[in-house]
Amino acid sequence: MADYQNILLAADFSVHGNYVASRAKRLADLCNARLNIIHVVDNISMPDTAYGTVISLGEDSSYELLEAKKSRLTEISDQFGIDVSRRWLVWGVPGHEIVQMAEQEHIDLIVVGSHGRHSLALLLGSTANSILHHAKCDVMAIRLQESDV
Ligand code: AMP
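What this report covers is the structure whose coordinates are included nearby. (Residues numbered from 1 in each chain as written. Predicted model: local features only at pLDDT ≥ 70, side-chain atom pairs only at ≥ 80, totals over all residues. Heavy atoms only, no water.)

### What about the sheet that holds strand β2 (residues 34-41)?
Part 1 of the argument: Across the sheet, five strands lie side by side as β5-β2-β1-β6-β7; this open sheet has parallel pairing. The outermost strands of the open sheet, each flanked by one partner alone, are β5 (87-91) and β7 (138-142). Taken over all neighbouring pairs, the strand axes of this sheet differ in orientation by 25° on average, direction set aside.
Part 2 of the argument: As paired elements, strand β1 (residues 6-10) and β2 share five bridges and run parallel to each other. Residue isoleucine 7 lies in a different strand from β2, and its bridge partner there is leucine 35. (Pairing = 2+ DSSP bridges. Helix = DSSP H or I, 4+ residues; strand = E, 2+ residues; numbered from the N terminus. Axes fitted to C-alpha atoms, helices over the stretch in contact; angles between N-to-C directions.)

### Thoughts on helix α1 (residues 17-31)
Counting along an α-helix, one turn takes 3.6 residues, and residues three or four places apart therefore face a common direction.
Part 1 of the argument: Helix length check: α1 (15 residues) gives 21 Å between terminal C-alpha atoms against 21 Å at 1.5 Å per residue, within 8%.
Part 2 of the argument: The set of residues buried in α1 consists of Gly17, Val20, Ala21, Ala24, Leu27, Ala28 and Cys31. Seen from one end, α1 has its buried residues packed into an arc of 125°, which puts them on one side. What points out from α1, more than 90 degrees from its buried face, is the exposed set Arg26 and Leu30.
Part 3 of the argument: Packing partners of the buried residues in α1 comprise β1, β2, β6 (109-113) and β7. (Expected span 1.5 Å × (residues − 1). Buried < 20%, exposed > 50% of the residue type's maximum accessible area, 1.4 Å probe, protein only. Arc of directions from axis to C-beta. Contact = heavy atoms within 4.5 Å.)

### A few points about the pattern of salt bridges
Part 1 of the argument: By the definition in use, this model includes six salt bridges.
Part 2 of the argument: Two residues, lysine 70 and glutamate 67, come together in a salt bridge whose shortest N-O distance is 3.3 Å. Residue lysine 70 and its partner glutamate 67 are both found in helix α2 (residues 60-79); the two are separated by three residues, about one turn of the helix.
Part 3 of the argument: Given the relative accessible area of 40%, lysine 70 is considered partly exposed.
Part 4 of the argument: The exposure class of glutamate 67 is partly exposed, given its relative accessible area of 31%.
Part 5 of the argument: In this structure, the salt-bridge partner of glutamate 103 is lysine 136, at a minimum N-O distance of 3.6 Å. Of the two residues, glutamate 103 sits in helix α3 (residues 94-104) while lysine 136 sits in the loop between α4 (126-134) and β7, which places them 33 residues apart along the sequence.
Part 6 of the argument: By relative accessible area, which is 38% here, glutamate 103 ends up partly exposed. (Salt bridge = Lys/Arg side-chain N within 4 Å of Asp/Glu carboxyl O.)

### What to know about the nonpolar core
Part 1 of the argument: Core analysis: the largest hydrophobic core is formed by 22 residues, its most contacted members being Ile7, Leu9, Val20, Leu35, Ile37, Leu109 and Val111.
Part 2 of the argument: Residue contributions to this core peak at six residues, all from α1.
Part 3 of the argument: Once residues within four sequence positions are removed from consideration, leucine 9 is found in contact with Val20, Ala21, Ala24, Leu35, Asn36, Ile37, Ile38 and Val111.
Part 4 of the argument: One finds Leu8, Ala10, Ala102 and Val112 within the second-largest nonpolar core, a separate group that totals 17 residues. (Core = buried A, V, L, I, M, F, W, Y, C linked by side-chain atoms within 4.5 Å.)

Written out as C-alpha cells, the structure reads:
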C-alpha cells in the first residue's frame, strides 16, 4: 500500500459518518499520516457580493445552521484526535470544494463514504462520484451497506 502522509476525511455528518471517520483514523495511524477533516455546508443562503461570497447571517436559521455544523465538526475532530489546524468548514458544492481543498493542502488520499445522506440505490453517491472523477490524488470510498446506515 502507498505510504500516505496527508489524509483528508470528507465528513457529511450522516449517521454512518463515525464509521467512515474510524476507518480514516485507523489508516492515518497505520501510515503515521496527518489526518485532516472537511465538511462542506451546501444548503445555506450565500449571496455573491462585490466583496466575495458571504453567508447571510441576517437569517437566524443560517446562523444557527452554521453554529451547529461548527460544533459537530469540533465533536468529530476531537473524538478522532484531529488537530485544530487541520479542520475545515467551507461552503459551496461538496465535490468541488473537497477536491480544491485536497489540492491546496497537498492531500495524498481523500477518504469518503460510498454514500452520504442520500440514497443507497446507486453504486456510488454523487459527491463520492464527483471526487473520484476530479481528484488528482488517490480516493478511498468506504463501502457502506444498508446495515451501516
Ligand atoms: P454522497 O455522494 O452525497 O452520497 O456522499 C458520499 C460521501 O461524500 C459521504 O459519505 C461523505 O464522505 C462525502 N460527502 C458528501 N457530502 C459532503 C459534505 N457536504 N461535506 C463533506 N463530505 C461530504
